[in-house]
Amino acid sequence: QVLSSEREWSRLPIRLDGLKGMELDVRLSAGRVMLAGTRIGRTALSANLRGGRFVLTIGESQAFDGVVKGTIGIAGAADDAADLKANLQFTGVDLEKCLFVVLGVRKVEGRGDIALALDATGSDVFELARTLNGTGSLVAKQGALVGVNVEQVLRRLERRPLSGGGDFRSGRTPFEKLGVVVRFTDGNASVEDVTLEGSAVRLALDGSASIPARNLDLKGTATLIGATVK
């Protein structure tokens, strides 16, 4: 989590002493679950604790108007660190709801699929962010990017090329298809491909982000369909 008073990840130690010397094998099936204020439908999951490693397996959960499956595991590592592994698939979910609960952002509307395969090791959340490795992908259809109207910016540049884009941090950019591929290496996210196709705009981006520093650097090209921007 991020500390409420600043843009830094928590450095409070993660304590896993309670996992040692215990064994647990629980299977749960529920028609409705409340998790962090979010209502989740029919859910089947199992929790296993053995040898100091806790693994939560989500067989199937009707969440975010779609289906969630996968596993999350945590165990003690050297120097009192925690070893975290997660492999999750979100299928046909409401992206606005899902991304807000998982990442705390509301920048994408529509329905789509998300896949995450992540691992990290650290004694606190900051260390986990600094050592994060893995991959992530998002595929969406019939939605919109929230907070920017790319078509409006391009048409303004088309009319007045020397005026600059102005303040474009508002509005929406509708899309027919959206694809995102991200690779995480030692806390750095390499945005390998972001492709957006809409009825009026095509957008292609790549770049990088630092998870611990929460910095993002993207670059790419945007094109109006049926028009040439100079």
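Conventions used here
- Residues numbered from 1 in each chain as written.
- Predicted model: local features only at pLDDT ≥ 70, side-chain atom pairs only at ≥ 80, totals over all residues.
- Heavy atoms only, no water.
- Helix = DSSP H or I, 4+ residues; strand = E, 2+ residues; numbered from the N terminus.
- Buried < 20%, exposed > 50% of the residue type's maximum accessible area, 1.4 Å probe, protein only.
- Arc of directions from axis to C-beta.
- Contact = heavy atoms within 4.5 Å.
- Polar contact = N/O pair within 3.5 Å; in protein donor to acceptor, adjacent residues only side chain to side chain.
- Phe/Tyr/Trp six-rings, centres within 6.5 Å; stacked < 30°, edge-to-face > 60°.
- Lys NZ or Arg CZ within 6 Å of the ring centre and 35° of its normal.
- Pairing = 2+ DSSP bridges.
- Axes fitted to C-alpha atoms, helices over the stretch in contact; angles between N-to-C directions.
- Salt bridge = Lys/Arg side-chain N within 4 Å of Asp/Glu carboxyl O.

Asker: Run through the environment of glycine 198, naming residues and quoting values.
Answerer: Residue placement: glycine 198 occurs in the loop between strand S11 (188–197) and strand S12 (201–210). On a C-alpha basis, the gap between glycine 198 and threonine 173 in space is 8.2 Å, while along the polypeptide they are 25 residues apart.

Asker: Go over helix H3 (residues 150–159), please, and point to the residues and values.
Answerer: Residues of H3 that are buried: Val150, Val153, Leu154 and Arg156. Along the axis of H3, the buried residues cluster in a sector spanning 160 degrees; they form a single face. Taken together, the buried residues of H3 touch strand S10 (172–185), S12 and strand S13 (215–224). At the N-terminal boundary of H3, the capping side chain belongs to asparagine 149, with an oxygen 3.3 Å from the backbone nitrogen of glutamate 151.

Asker: Give me the lowdown on the packing of aromatic side chains, citing residues and values where you can.
Answerer: The final tally for this structure, using the stated rule, is 0 aromatic pairs. Lying over the aromatic face of phenylalanine 126, arginine 11 brings its terminal NZ or CZ to 3.9 Å of the ring centre. Arginine 106 extends its terminal NZ or CZ atom over the ring of phenylalanine 100, reaching a point 3.9 Å from the ring centre.

Asker: Mind laying out the sheet that holds strand S7 (residues 82–94), listing which residues take part and the relevant values?
Answerer: Pairing between sheet strands relies on hydrogen bonds along the backbone, with the strands arranged either parallel or antiparallel. Pairing in this open sheet of 11 strands is antiparallel, and the strands run S1-S4-S5-S6-S7-S8-S9-S10-S11-S12-S13 from one edge to the other. Taken across any chain shown, the strands that pair with only one partner, and hence form the sheet edges, are strand S1 (24–30) and S13. Ignoring which end each strand starts from, the neighbouring axes of this sheet average 10 degrees apart. Where strand S6 (residues 66–76) and S7 come together, 10 bridges link them in antiparallel fashion. Counterpart to valine 67 in the pairing with S7 is threonine 91. Sheet contacts for helix H1 (residues 95–103): S7, strand S8 (108–122) and strand S9 (133–146); angle to S8, the most-contacted strand, approximately 25 degrees. Each of S10, S12 and S13 is contacted by H3, which is oriented at about 65 degrees to S13, the strand it contacts most.

Asker: Residue-level account of the pattern of salt bridges, with values.
Answerer: Two side chains of opposite charge can pair, provided their charged atoms sit close to one another. With the rule as written, the count across this model stands at 7 salt bridges. Aspartate 83 is the salt-bridge partner of arginine 53, the closest N and O atoms lying 4.0 Å from each other. Of this pair, arginine 53 sits in strand S5 (residues 53–63) while aspartate 83 sits in strand S7, and the two are 30 residues apart along the sequence. Since its relative accessible area comes to 24%, arginine 53 is described here as partly exposed. Note that glutamate 127 and arginine 130 form a salt bridge whose closest N and O atoms lie 2.8 Å from each other. Highlighted residues: glutamate 127 and arginine 130, both in helix H2 (residues 125–130), separated by 3 residues, approximately one helical turn. With relative accessibility at 40%, the residue arginine 130 sits in the partly exposed group.

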